[in-house]
Amino acid sequence: MELTRRETQPGPVKRAKRKQRPQYSCSSCSRRKVKCDRVKPCHACCMRGTPSECDYPTGEKDRHYVEQSAVIASLRRSCDSLKQQLNKTQNAATAGLLSSATTASFPFPGLSNDRHSSVTSPMSPSKAFSEIFIQRFIDDFSLQTATNNVGFVAFRRGAEMRAFSPFLCRAFDAASLIFIGRREGNYSIDACGQRKYVKVLKELQDSLNSPEQRTSSETLIVVVLFTVIEAYKGSSKDAMLRHQLGALQLLQTRTPYRHRYGIGRSLFVDLRLYWVSAAVVIRMPTFLASSEWRTVPWPADGPPKDILHQLLDIMVEIPGYLYEVDRMMELLHASSVSSSTLMASQTTLSERACELDRRLLRWKSVCADTYPLGSWWEEKAYSNKDRGNNFPVFQCKDLTTMSVITPSQLVYPDVFLLTSMLYYWAARLVLSQQDPSLVEVIGVQERYIIACNICRSLESYIQTVPGGLLSRLMFILRVVYDTFPEGTIEKQYVSQVFSYITNEYRSTIFARQCSELAVNSK
């Protein structure tokens, strides 16, 4: 009995070993036991003013998976959206809706190489998917506000022209497949679009070599579509800028009278912003500054210029000013030029810069400050946790105390005024980015405030517009990036915005920080 009791007595209890959890937060936040957003440098270390102390015990590969959580969530949402569209298409086909909708006796885009052929058979599943992708592509470049259309009306009208142009059909197919494939991370769709892109590129070359086709609207639309493709495809560093300049040459060949009505006017109104920006980047005056191109596309019986195009009427003169700056710099390095000539040239240049800045200020006073829907206002900046997203939080210096603060965000009544103000501030920064010993238009403190205003407005824009319209930020982001000095928290914020857009939308040009759009002295 005694032996039995000894056998049944419980032995010593073994304590379970505590599971070692991997540490994904930085060492500084882990030591202080504060929340870490797991980027490098993290937000908490930047707030403490010690970004250099932000270090991680885990490897780069481990942290990569943590930082990609937002991308994975976005992919899942996109996958769910595609599944829903696939189910709708299959249900419609089962019910015979696709058959009845596509057996009408009118030309349907992309089904035949004969532009006068009629559709007499149901839409194939591949063509049904192609139409879905093209519609998604167009929707991603469209935004209708209460008072203005901020998107690409030309893309929607160009898609309607596919009924009469197999060339446009193939171009839209290639553009939409590459766009959706890159955005969704689907390399099969992307590869299919790349194959179509190569074929249409050869067709485009033939059109450019033909005197008749070179001036057609469909050729210009295809060039613009390929410019969009290059923002995602990234064939080379300056491929997108070269496409923009190529479209600018076509525009000059077409003359302004082809842009008074219809698709021609839509192309000019939608894309003038990009062409003016491209001229600023190459620092060369263009035909866009002529009186014809500033008046003819706005006939008396058509809609008047909106505030954005009134701003562009001023910005279109900045490339000519930058060209004169570069010539002045050449004179300064030439030993044969007299000092009196240099002084006269510098005086003329300074007067021109000040006049352009006065006109920009007048535009703000007359157009932006009296906007019918009201002006912008300030709202408290919330943390990522409170906002429910991972958009970077902007921080800057308080110019009174020189301490780091999180300023309020700038919010606007609509995207149209927001876009106009962003380009207004970018234009003033470009004027002030020249050598201050040569021309000084805006003081250092005012430049800093303008650049911060752009940063305070970025979240409102990015969280409001569809992904395709983020292309309007490329020039602006590069200008403000070049304004802030290296190593500052403000410049780090702009880099984080580039990374955010790259991760969310997979645009190659944003991954390169839009370096091809830098407005640098020659």
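Residues take numbers from 1 onward in each chain, read along the sequence in its written order. Local features in a predicted model are, by the rule used here, given only for residues with pLDDT of at least 70; side-chain atom pairs are given and counted only at 80 or more, and totals for whole chains, interfaces and linings are based on all residues. Heavy atoms from the whole structure form the basis of all side-chain values; hydrogens and water molecules are not counted.

**A word on the nonpolar core**
- Put simply, a nonpolar core is a bunch of buried Ala, Val, Leu, Ile, Met, Phe, Trp, Tyr and Cys residues held in one set by side-chain atoms that sit within 4.5 Å of each other. When a residue's accessible area, from a 1.4 Å probe over protein chains only, is under 20% of the maximum for its type it is buried; when over 50% it is exposed; and in between it is partly exposed. Counting residues in hydrophobic clusters, the biggest one holds 131 residues, and the most contacted among them are Phe 137, Leu 288 and Phe 475.
- The element contributing the most residues to this core is helix 20 (residues 415-432), with 14 residues.
- The contact definition used throughout considers only heavy atoms, calling two residues in contact when any of these lie within 4.5 Å. Discounting residues that sit within four places of it in the chain, Phe 137 has contacts with Phe 155, Phe 172, Ala 175, Ser 176, Phe 179, Leu 225 and Val 228.
- Counting residues in each nonpolar core, the second largest holds eight residues, with Cys 29, Cys 42, Cys 45 and Cys 54 among its members. Each helix corresponds to a stretch of at least 4 residues labelled H or I by DSSP, and each strand to a stretch of at least 2 residues labelled E; elements are numbered beginning at the N terminus.

**Examining a positive patch on the surface**
- Only residues whose relative accessible area exceeds 30% and that form no salt bridge enter a patch; like-charged residues are grouped when within 9 Å of one another, and nonpolar side chains (Val, Leu, Ile, Met, Phe, Trp, Tyr) when within 5 Å. Note on areas: Shrake-Rupley with a 1.4 Å probe; residue coverage comes only from the protein chains shown. When a carboxyl oxygen of Asp or Glu is within 4 Å of a side-chain nitrogen of Lys or Arg, the pair counts as a salt bridge. Residues counted as positive are Lys and Arg, residues counted as negative are Asp and Glu, and His and the chain ends are not counted. Charge positions are represented by NZ for Lys, CZ for Arg, CG for Asp and CD for Glu. On the surface, Arg 195, Lys 196, Lys 199 and Lys 202 cluster together into a patch of positive charge.
- Topologically, Lys 202 is positioned in helix 10 (residues 187-209).

**Concerning the side chain of Arg 162**
- Tracing the chain through its elements places Arg 162 in the loop between helix 8 (153-160) and helix 9 (166-184).
- Residue classification places Arg 162 among the buried residues on the basis of a relative accessible area of 8%.
- Here a polar contact means two N or O atoms within 3.5 Å. Within protein one must be a hydrogen donor candidate and the other an acceptor candidate, and residues neighboring in sequence count only if both atoms are side-chain atoms. A polar contact of 3.3 Å, which involves the side chain of Arg 162, links it to the side chain of Glu 131.

**Some details on a nonpolar patch on the surface**
- Together, Leu 399, Met 402 and Ile 449 make up an exposed nonpolar region whose accessible area comes to about 260 Å².
- Counting through the fold element by element, Leu 399 comes out in the loop between strand 2 (396-397) and strand 3 (404-405).
- Of the residues examined, Leu 399 reaches a relative accessible area of 35% and is grouped as partly exposed.

**As for the confidence of the model for the protein chain**
- As a per-residue quantity, pLDDT reports the predictor's confidence and falls between 0 and 100. The predicted model of the protein chain has a mean per-residue pLDDT of 81, with 80% of residues at 70 or higher.
- Ranking the elements of the protein chain by mean pLDDT puts helix 6 (residues 97-102) last, at 35, and helix 16 (residues 307-315) first, at 96.
- Confidence over residues 1-8 falls short of pLDDT 50; this stretch has zero contacts with residues more than four positions distant or in other chains.
- A low-confidence stretch, residues 93-121 (pLDDT under 50), is modelled with 40 contacts involving residues beyond four sequence positions or located in other chains.

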